[in-house]
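Examination of the molecular architecture
This is what each chain is made of:
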Amino acid sequence: MADTATAHRRSRSTPVLEADNVLKLYNDDDPSKEVVRAVEHASFRIERNEFVSLLGPSGCGKTTLLHIFAGLTNQTEGRVLYQGEPIERPSTDRAVVFQHFNLFPWRTTLSNVAFGLEMTGHPKADRKERAAKYIEMVGLKGFEESYPRELSGGMQQRVGLARALAVDPTVLLMDEPFGALDAQTRQVMQTELLRIWEQDRKTILFVTHDIEEALLLSDRILVMGNDPSNVRREVDVPFDRPRYGHDIEEQAEFIRLRRDIWNTMQNEPRNKTA
Ligand SMILES: Nc1ncnc2c1ncn2[C@@H]1O[C@H](COP(=O)(O)OP(=O)(O)O)[C@@H](O)[C@H]1O
Ligand SMILES: [Mg+2]
């Protein structure tokens, strides 16, 4: 009886993503190089439909953790789970948006967005229609036949976002997706992401080193530190949604939280390798 109740509770609370005491070393198989402890004792969970930011200084292991969740690299020790199952390889359930867009330069917008659909075996006619829908969603209607070199950075990242959304993943893994954009474009893209997310709440793990960006976008912030590289603190972000168009950056609570998180990050050692 008690076992059934426990099992039921456990199944109801299976997180979408879970890191349990994750250790990731680089160069541990190469005696000529110094071993890098990229992630140490990292443990956290992300629930369905949550927008969670992984916030921390450069070199604290954010990209490494995101790549482990994406199945692009393996942890050295510990467990990394997607819906309770170990992550062993990439899957379209977990789509990645990269900082440097990673578009195919020889493919048009339409064909870049359709790429994931080709991989998942969507029929050709359906691919085009579906890609067009997501291109419109990210505001690129009219640019279907453009090549990445003909698009600005902001537009290229819109293509990256449409490509990730088109496969209808359960989780979006976003690695400083607006980090390579100028301040104004970045703000526009943050608003766009909020608008899109508030229509269709995917589970998002969003990597950033920008406190304001994390506060503006997320439900919860995991504040990471260096040495050891893991989560120091979790912050629940209290602002109501929809948030875009509400100037939440000017609210006293936003300013207080920004200062508070900044203080946490100031008490951290600098990047071990920089
Ligand atoms: N392929 C690699 N080989 C060796 N060291 C690496 C590799 N990738 C990352 N690192 C190191 O691991 C640490 C964490 O890197 P990373 O995950 O990229 O951090 P972040 O994304 O937070 O800037 C850094 O010290 C970085 O130099
Ligand atoms: Mg990084």
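Note that this is a predicted model, so its numbers are computed, not measured.

Looking at the sheet that holds strand E2 (residues 36-46)
- Read from one edge to the other, the open sheet built from four strands follows the order E2-E1-E4-E5, with strand pairing classed as antiparallel. Lying at the two open borders of the sheet, with one neighbouring strand each, are E2 and strand E5 (85-86).
- Across five bridges, strand E1 (residues 17-26) lies against strand E4 (residues 77-82) in antiparallel orientation. Bridging across to E4, Asp 20 finds its partner in Arg 79.
- Sheet strands in contact with helix H2 (residues 62-70) are E1, E2 and E4, and its direction is about 120 degrees off that of E1.

Re the side chain of Asp 175
- Tracing the chain through its elements places Asp 175 in strand E7 (residues 171-175).
- Buried and unpaired, Asp 175 has Lys 62 as its nearest opposite-charge partner, separated by 6.9 Å.

Observations regarding the domain arrangement of the protein
- Per the domain assignment, the segments of the protein are domain 1 (13-93 + 171-274) and domain 2 (99-168).
- The C-alpha-based centres of domain 1 and domain 2 are spaced at 25 Å.
- On the side of domain 2, 15 residues touch domain 1, which itself brings 18 residues to the contact.
- Taking both sides of the interface into account, the surface hidden between domain 1 and domain 2 amounts to around 1400 Å²; carbon and sulfur atoms contribute 68%.
- Per-residue buried area on domain 1 facing domain 2 is highest for Thr 92, Met 189 and Ile 196; these three make up 33% of the total on that side.
- Where domain 1 packs against domain 2, one counts two salt bridges.
- Ionic pairing is found between Arg 158 and Glu 192, a salt bridge with its closest N-O pair at 3.1 Å.
- Seen at the junction of domain 1 and domain 2, the total is five residue pairs in polar contact (both at pLDDT 80 or more).
- Looking at the side of domain 1 that touches domain 2, the elements that each hand over two or more residues are E7 and helix H6 (183-199).
- Among the elements that line the side of domain 1 that touches domain 2, the one with the most residues is H6, at seven residues.

Observations regarding the site of ligand 1
- Close contacts around ligand 1 come from 12 residues, with Gly 59, Gly 61, Lys 62, Thr 63 and Thr 64 the closest.
- In the environment of ligand 1, an oxygen atom lies 3.1 Å from a nitrogen or oxygen atom belonging to the backbone of Gly 61.
- Between ligand 1 and Thr 63 there is a distance of 2.8 Å, counted from an oxygen atom to a side-chain nitrogen or oxygen.
- Here ligand 1 loses 68% of its free accessible area of 560 Å² to cover by the protein chains.
- Going through the elements one at a time, E2 and H2 are the ones with two or more residues in the shell around ligand 1.
- For the shell around ligand 1, the element with the most residues is H2, which contributes three residues.
- Here the residues of the shell around ligand 1 sort into five nonpolar, six polar and one charged.

Description of the nonpolar core
- Core analysis: the largest hydrophobic core is formed by 50 residues, its most contacted members being Leu 161, Leu 172, Leu 193, Ile 221 and Ile 261.
- In terms of residue count, the dominant contributor to this core is helix H5 (residues 153-166) (seven residues).
- Counting residues domain by domain, this core receives three or more from each of domain 1 (13-93 + 171-274) and domain 2 (99-168).
- Once residues lying within four places of it in the same chain are set aside, the contact partners of Ile 221 are Ser 53, Leu 55, Ala 214, Leu 215, Arg 233, Glu 234, Val 235, Val 237 and Ile 261.
- With 27 residues, the next largest nonpolar core counts Leu 17, Val 22, Val 96 and Val 171 among its residues.

Reading guide: rules and limits
- Residues numbered from 1 in each chain as written.
- Chains lettered and ligands numbered in written order.
- Predicted model: local features only at pLDDT ≥ 70, side-chain atom pairs only at ≥ 80, totals over all residues.
- Heavy atoms only, no water.
- Pairing = 2+ DSSP bridges.
- Helix = DSSP H or I, 4+ residues; strand = E, 2+ residues; numbered from the N terminus.
- Contact = heavy atoms within 4.5 Å.
- Axes fitted to C-alpha atoms, helices over the stretch in contact; angles between N-to-C directions.
- Buried < 20%, exposed > 50% of the residue type's maximum accessible area, 1.4 Å probe, protein only.
- Lys, Arg positive; Asp, Glu negative; His and termini not counted.
- Salt bridge = Lys/Arg side-chain N within 4 Å of Asp/Glu carboxyl O.
- Domains from an automatic or database assignment.
- Buried area = accessible area lost by both parts, 1.4 Å probe.
- Polar contact = N/O pair within 3.5 Å; in protein donor to acceptor, adjacent residues only side chain to side chain.
- Near = heavy atom within 4 Å.
- Areas by Shrake-Rupley, 256 points an atom, 1.4 Å probe, with all protein chains shown as cover.
- Nonpolar A, V, L, I, M, F, W, Y, C, P; charged D, E, K, R; others polar.
- Core = buried A, V, L, I, M, F, W, Y, C linked by side-chain atoms within 4.5 Å.

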